[in-house]
Amino acid sequence: MILYFSGTGNSKYIAELFCRYMNDECYSIEEKIDFGKLIASQEIIGFCYPIYGSRVPRIMREFVQKHIEFLKNKKIIIFCTQLIFSGDGARVFTDMFPRNYVQVLYAEHFLMPNNVCNFFLLSLASEKRIKKYITKAERKMHIVCRNIKNGIIKKRGFNFVSRILGLAQGVFMPIIEKKTLDCVVIGNDCIQCRLCVSICPMNNLEYENRKIAHKSNCTICYRCINKCPQKAITLFFHQKVKVQYKGLC
Ligand SMILES: Cc1cc2nc3c(=O)[nH]c(=O)nc-3n(C[C@H](O)[C@H](O)[C@H](O)COP(=O)(O)O)c2cc1C
Ligand code: SF4
Ligand code: SF4
């Protein structure tokens, strides 16, 4: 079983790909089900999430915290999706547990298309490029599944060099995360369709007094920014969104 968080579809794609190849089940952590009971019934649990500057998204961290008692002595598989690089993006997941609390069976990173659409240094991939990402990810997942079936253990991001690189990259992320809590901006183009309110995984957005307000609870997933029909939302960099990431179908 895989439990995933996906802001814009990449991690969902990877989680579903694994489950397709392994004939397994996957659940978004946003689903309203009894995850404690579900986790307790499984021997091996997979987790899949996007990396944010060598940090596990806050929404996933809070999910693990909430269900930590059920995870004791479980075998876990970790998949982390990233645009370019995260150093120890899969390993940082284990920082949430005391030593020897869980046993890691496998950890892997998958390169996926960019979803940060409001920063001039990061452009969105073309359709052709997105297909290349998918082909490579599918190939990699075939190998991962074959290894897991054969009992081969691989832990991407767990070596010393990855840890140092991850540390160097992740050093600013707590500051960015804190700052971002309060910096979702809704521009004047907003038509109050309330789509963003209904799709935000953190219930961070609300409609009040005929405008959209935020509750200082953003997990920086970029979902609303990429989905707003008016391209009216921006975050952190505060550059106007020109092209949105449509996600993977
Ligand atoms: C706030 C934020 C920080 C990110 N940081 C990194 C990073 O440090 N390294 C990287 O390679 N990709 C980074 N990415 C890219 C995402 O990890 C990548 O696009 C991921 O596949 C998105 O997954 P999703 O569609 O499931 O949300 C970042 C994206 C966001 C929104
Ligand atoms: S999705 Fe965009 S247009 Fe619709 S309410 Fe939210 S900010 Fe406004
Ligand atoms: S406000 Fe937007 S970016 Fe922040 S958590 Fe909600 S959907 Fe994601």
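Throughout this document, residue positions are counted from 1 along each chain, in the order its sequence is written. Key to labels: chains lettered from A, ligands numbered from 1, both in the order written. Per-residue local features of the predicted model are confined to residues with pLDDT of at least 70, and side-chain atom pairs are confined, for both listing and counting, to 80 or more; whole-chain, interface and lining totals are unaffected and use all residues.

1. Things to note about the site of ligand 2
The rule is simple: place the C-beta atom from the backbone, and if it lies within 6 Å of a molecule or strand, the residue is near it. The environment of ligand 2 is made up of 14 residues, and the closest members are Cys190, Cys193, Leu195, Cys196 and Cys228. Gly falls in the polar group here, along with every residue not listed as nonpolar (Ala, Val, Leu, Ile, Met, Phe, Trp, Tyr, Cys, Pro) or charged (Asp, Glu, Lys, Arg). Class assignment of the residues belonging to the shell around ligand 2 gives a composition of 11 nonpolar, two polar and one charged.

2. Things to note about helix α3 (residues 58-71)
Relative to the 20 Å expected for 14 residues at 1.5 Å per residue, α3 spans 18 Å between its end C-alpha atoms, a close match to the ideal helical length. Secondary structure counts use DSSP, requiring at least four H or I residues in a row for a helix and at least two E residues in a row for a strand, with both numbered from the N terminus. Asn73 occupies a position one or two residues after α3 and carries a positive phi of about 65 degrees. By definition here, a helix of n residues has an expected span of 1.5 Å times n minus one.

3. Side note on the site of ligand 3
Around ligand 3 sit 15 residues in total, of which Cys200, Cys218, Cys221, Arg223 and Cys224 are the nearest. Sort the elements by how many residues they give to the shell around ligand 3 and helix α8 (residues 223-227) lands first, with three residues. Taken together, the residues of the shell around ligand 3 break down into 12 nonpolar, two polar and one charged.

4. Section: the domain arrangement of the chain
Frequently, the measure chosen for interface size is the accessible area removed from exposure when the parts meet. Split into domains, the chain comes out as domain 1 (2-171) and domain 2 (174-235). Residue ranges assigned to the domains are those given by an automatic or database domain assignment. Each of domain 1 and domain 2 was reduced to a C-alpha centroid, and the two centroids are 25 Å apart. Our contact criterion uses C-beta atoms placed from the backbone: two residues qualify when those atoms are within 7 Å. With 13 residues of domain 1 at the interface, the matching set in domain 2 holds 13 residues. Each residue belonging to the side of domain 1 that touches domain 2 can be placed in one class, and the counts come to five nonpolar, five polar and three charged.

5. So, the sheet that holds strand β4 (residues 75-82)
Whether two strands pair depends on DSSP finding at least two bridges between them. Strand order in this open sheet of six strands is β2-β1-β3-β4-β5-β6, and the pairing throughout is parallel. With partners counted over all chains shown, the strands left at the sheet margins are β2 (26-28) and β6 (154-155), one partner each. Two elements, β4 and strand β5 (residues 103-111), share eight bridges in a ladder whose sense is parallel. Bridge pairing links Ile77 to Tyr106 in β5. Where helices are involved, their axes are fitted lines through C-alpha atoms of the stretch in contact, as for all axes, and angles between N-to-C directions lie from 0 to 180°. Relative to strand β3 (residues 44-50), helix α1 (residues 10-22) is tilted by about 150 degrees, and along the sheet it contacts β1 (2-4), β2, β3, β4 and β5.

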